[in-house]
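Chains, contacts and geometry: an overview
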Amino acid sequence: CEAGLPIVSELLDLNSDYVSRFQEFNFDTIISFNVMEHVEDDEKAFSQQIEILKKSKSKNPKRIVIFVPAHKWAFGSLDKAFGHYRRYSARQIKSLFHRLDPKALVDAWYFNTLSLFGWLVMGKILRTSEFNTSALKTFEKICPYVRGIDDFVHSNLQLPLGQSLLAVVTLSEEST
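Residues numbered from 1 in each chain as written. Predicted model: local features only at pLDDT ≥ 70, side-chain atom pairs only at ≥ 80, totals over all residues. Heavy atoms only, no water.

1. Focus on the packing of aromatic side chains
Stated formally: Between the rings of Phe, Tyr and Trp (Trp by its six-membered ring), a pair exists once the centres lie within 6.5 Å; its type follows the angle of the planes, with under 30 degrees stacked, over 60 edge-to-face, and the other angles tilted. Helix and strand definitions here come from DSSP, where helices need a minimum of 4 consecutive H or I residues and strands a minimum of 2 consecutive E residues; each element is numbered from the N-terminal end. Three labels apply to residues, based on accessible area from a 1.4 Å probe with only protein chains included: buried if under 20% of the type maximum, exposed if over 50%, partly exposed otherwise in between.
Taken as a whole, this structure holds seven aromatic pairs when the rule is applied. Seen from their ring centres, Phe67 and Phe111 are 5.3 Å apart, and the 50° between their planes marks the pair as tilted. On the criterion of sequence distance, the pair formed by Phe67 in strand β2 (residues 63–69) and Phe111 in strand β3 (residues 105–111) is long-range, its members being 44 residues apart. For Phe111, a relative accessible area of 28% gives the class partly exposed. Through successive ring pairs, a cluster of aromatic residues spans Phe22, Phe25 and Phe27.

2. A few points about the side chain of His84
Keep this limit in mind: We call two N or O atoms a polar contact when they sit within 3.5 Å, provided that within protein one can donate a hydrogen and the other can accept it, with sequence-adjacent residues counted only if both atoms are side-chain atoms.
With respect to the helices and strands, the residue His84 is situated in the loop between α2 (77–81) and α3 (90–100). Within the local environment of His84, its side chain forms a polar contact with the side chain of Asp79, the two groups lying 2.7 Å apart.

3. Comments concerning helix α4 (residues 113–125)
An α-helical turn contains 3.6 residues, so any two residues separated by three or four positions project in the same direction. Quick note on the threshold: How far a helix is expected to stretch is found by multiplying one less than its residue total by 1.5 Å. Contact between two residues is taken to exist if any of their heavy atoms lie within 4.5 Å; hydrogens are not considered.
Helix length check: α4 (13 residues) gives 17 Å between terminal C-alpha atoms against 18 Å at 1.5 Å per residue, within 8%. All of the buried residues along α4 are Thr113, Ser115, Leu116, Trp119, Leu120, Met122 and Gly123. If you follow the buried residues of α4, they end up packed against α2, β3 and α5 (133–155). Once α4 ends, the next one or two residues include Arg127, with phi positive near 55°.

4. Examining the sheet that holds strand β1 (residues 29–33)
What counts here: Note on pairing: DSSP must find at least two bridges between two strands before they are called paired. Here an angle of 0 to 180 degrees is reported between the N-to-C directions of two axes, which are lines fitted to C-alpha atoms, with helices fitted over the stretch in contact.
What the four strands build is an open sheet, ordered β1-β2-β4-β3; its pairing is mixed. The sheet is open, and its two edges are formed by β1 and β3, each paired on a single side. Recorded for the sheet is a direction-independent mean angle of 10° between the axes of neighbouring strands. Bridge count between β3 and strand β4 (residues 164–170): seven bridges; the pairing is antiparallel. Of the residues in β4, the one forming a bridge with Ala108 is Ala167. Against the sheet, helix α1 (residues 42–55) touches β1 and β2, its axis set at about 160° to β2. Relative to the sheet, α3 contacts β2, β3 and β4, its axis offset from that of β3 by approximately 160°.

The following block contains the structure:
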């Protein structure tokens, strides 16, 4: 958002057509946090986000920032219970956005490796449909102590593992 302009936040159905609702705004960034896995036709939704940014008169770089669950192979009963259609891989996100904007720059990072194992146990092995809140509270307590392991897995070992995926898509200047 350009200096002095308000940040716009609105609930909307991403399975519908919504580009016209935002024509008056000049967005430079669209952010979604644990949203796109709930959208049946995510490619259509991302395409509309790109269209909104292309129509923007903002001089700033145009970006889409997404936070989504990672790894198709981790899809299990918890995903179904939470209404997820999919989990993502970095390769899938890059491929999807390069189809929509071939010159887009797509950076993606996996993180939160340790909770992936808990997700797999709960959703693939135990096949539970409810998240165990006591397990979550325990994980939150130990998180500050094990964060270094996650950093080591990604920085030093460069393993593409994690519960989640963060992607930043910068649209090509020619497309905006």
